[in-house]
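# Structure at a glance
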Amino acid sequence: MQAERDAQVRRLREEYPVFRIEDAAADRSPRGVTLRFSFAAGPLRFRPSVQLTGLSLEEAARVTAPTARRIVRALAIVEAFSYWKALCSPVIEVALPAPGAGELDWWRAFWPGAMGEFCYRNQIRYTAPDFLSIRGPVAAPERADAAAGGADGAPLVLFSGGKDSLALARIAAAARGAAPVDFFLYNPGARLRGMTGSLAAGGRVLEAQRAILPELLRLNAAGHPNGHTPFSAYLAFAAMLTGYLRGSGPVVAGNSRSDDEPNVASYLGRPVNHQWTKSYEFETAIGAYRDRWLPGAPGYSSPLRPLYELQIIASLSGDVDAYLRTASCNRAPAGAWCRSCAKCAWVFLATAALFGHDLAVRKIGADMFADPALAGVYQEMAGLTGTKPFECTGTEGEVRAAIRAAGQGRDPGAYPALAACLRDPAVAGARPLAAMLAEWGHDELVPAAFLGQVSEARAEAAARG
């Protein structure tokens, strides 16, 4: 199998030696802004587009400003990886008004972490020095434009309808007092819009609509390499662009301390993290990118960064009904649960450990602890066997602490999905849940206006211990 994959990648790289980012245009549309990208590789052409809606005419007009154009260019580069992955071309050429040498260096440092899971799961040897070169002619200096607004304006909250974005929305609203909070939604449906409407309290709702082109889906169906791409980085730049056009306030996401743990400690000498573009490392990098190349753009940060997933969920204890309405499964229709993936298994476990088994059943709609088919999933999540699942879950330490708490005082056989874990010495010796809920991690990237509220969330979580 490995020999077949190596041969396929070698053939594709010979057939498509250069993946070219030809254009990234932004036009005002009746509802906001339309972004149009143009990519080429050999005879293949890809022309994806993105709609940003909810902007006024005056705000949309800012898309011609130099900083806006630079963010659009960054979005084009991130978008390109969704199509490049099917070909694995040895060169990505940024042919549109290209970044300068320093900015190209940033993208060269970005891609291994961003595409590490894709390369690992496809068993692609991506650490060779000549595997991928990102190049382009040095751009002429562009004039810097003035800031579009101050950091003291309404924050723009990335909202997905999950537990983390609910906690973030609550913290942002509390930090603002009576002032409104704005929301940024990606490909929203009626359920997500409904949840946002109940939280916005006078704030604005801005949206991004994007679709993968059928040309790429045909390559996927034909057996070309496929897999995870830097989606959270895409959301970060899209929200920064929207925030810049809107004119003021920071852009905030619900990423946590749990996102820093890799799924694979080393593949070809590098860690592989499904959530790398949610990590502290990426957040630090995009902050440096904004400071150097995006004058006037809003800052991007994750106020929940000091907290583990368990703490974020526990902080919602004051509004359990709202927590029950959140949904996080990536496989089931919006608002539903597949009850078989690691993400469902994690949410059920965390809910049971924090709020009780009955509430976990109520949230998910079934007793996942009663399903012996999930035993392997929980062992992998706890780091006892295999590889940590490539899903957004808690750390191995959180999983062990939660399993220990959920099984406290019960015979392991009462929970077939957890039985093997509960008998494992590593789970028996896990940190007490109370200790985990009192933790505090990196906070230097958290906007000062949010620190007090995040600290209160930690205190709410610690009280659940």
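The sections below set out a description of the structure shown in this document. Given the structure is predicted, the values throughout are model-derived calculations rather than measurements. (Residues numbered from 1 in each chain as written. Predicted model: local features only at pLDDT ≥ 70, side-chain atom pairs only at ≥ 80, totals over all residues. Heavy atoms only, no water.)

A positive phi angle is found at Asn-187, which is not glycine, with a value near 45°. Note that Asn-187 resides in the loop between strand 8 (182-186) and helix 7 (190-200). (Helix = DSSP H or I, 4+ residues; strand = E, 2+ residues; numbered from the N terminus.)

Now for the packing of aromatic side chains. For the coordinates displayed, the defined rule picks out 31 aromatic pairs. Each ring, one from Tyr-186 and one from Phe-231, has its centre 5.0 Å from the other, and the planes form 70°; the classification is edge-to-face. With a gap of 45 residues between them, Tyr-186 in strand 8 and Phe-231 in helix 9 (residues 231-246) connect regions that are remote in the sequence. With a relative accessible area of 33%, Phe-231 lands in the partly exposed category. Sitting over the ring of Tyr-323, Lys-363 keeps its end group 4.3 Å from the ring centre. (Phe/Tyr/Trp six-rings, centres within 6.5 Å; stacked < 30°, edge-to-face > 60°. Buried < 20%, exposed > 50% of the residue type's maximum accessible area, 1.4 Å probe, protein only. Lys NZ or Arg CZ within 6 Å of the ring centre and 35° of its normal.)

When strand 1 (residues 18-29) meets strand 5 (residues 91-94), the two strands line up parallel, connected through four bridges. Across the sheet, the residue bridging to Phe-19 is Ile-92, located in strand 5. Sheet analysis places strand 1 next to strand 2 (residues 32-41), joined by nine bridges and oriented antiparallel. Note that in strand 2 the partner of Ala-24 across the bridge is Phe-37. (Pairing = 2+ DSSP bridges.)

Bringing the pattern of salt bridges into the picture now. Scanning the model with the defined rule gives 21 salt bridges in all. We note a salt bridge from Glu-22 to Arg-20, for which the minimum N-O separation is 3.8 Å. When its relative accessible area of 30% is taken as the criterion, Glu-22 is described as partly exposed. With a shortest N-O distance of 3.4 Å, Arg-36 and Asp-27 are connected by a salt bridge. (Salt bridge = Lys/Arg side-chain N within 4 Å of Asp/Glu carboxyl O.)

A few words on the nonpolar core. If you look at the biggest cluster of nonpolar residues, it comprises 84 residues, and the most contacted ones within it are Phe-19, Phe-81, Trp-84, Trp-107, Phe-110 and Phe-237. Tallying contributions element by element places helix 3 (residues 66-84) first for this core, with 12 residues. If sequence neighbours within four positions are ignored, Phe-19 has contacts with Phe-39, Ala-40, Ala-41, Phe-46, Ala-80, Tyr-83, Trp-84, Leu-87, Ser-89, Val-91, Ile-92 and Glu-93. Judged by nonpolar contacts, the second largest core, of 72 residues, contains Ala-167, Tyr-323, Leu-437 and Phe-450. (Core = buried A, V, L, I, M, F, W, Y, C linked by side-chain atoms within 4.5 Å. Contact = heavy atoms within 4.5 Å.)

Now for the side chain of Ser-29. Mapped onto the elements, Ser-29 comes out in strand 1. With relative accessibility at 18%, the residue Ser-29 sits in the buried group. Apart from the residues lying within four places of it in its own chain, the contact partners of Ser-29 are Thr-34 and Gln-51.

Here we come to the state of the cysteines. Counting across every chain of the model gives zero disulfides. Summary of cysteine pairing: Cys-88 is not part of a disulfide, and the nearest cysteine sulfur, belonging to Cys-119, is at 6.7 Å. The thiol sulfur of Cys-421 is not disulfide-bonded, and the nearest other cysteine sulfur, from Cys-341, lies at 16 Å. (Disulfide = S-S within 2.5 Å.)

Right, let's get into the environment of Ser-258. Here Ser-258 shows up in the loop between strand 10 (251-252) and strand 11 (264-267). For Ser-258, a relative accessible area of 0% puts it in the buried group. For Ser-258 and Gly-409, which are 151 residues apart along the polypeptide, the C-alpha to C-alpha distance reads 27 Å. Discounting residues that sit within four places of it in the chain, Ser-258 has contacts with Gln-275, Leu-307, Tyr-308, Glu-309, Thr-393, Gly-394, Thr-395 and Glu-398.

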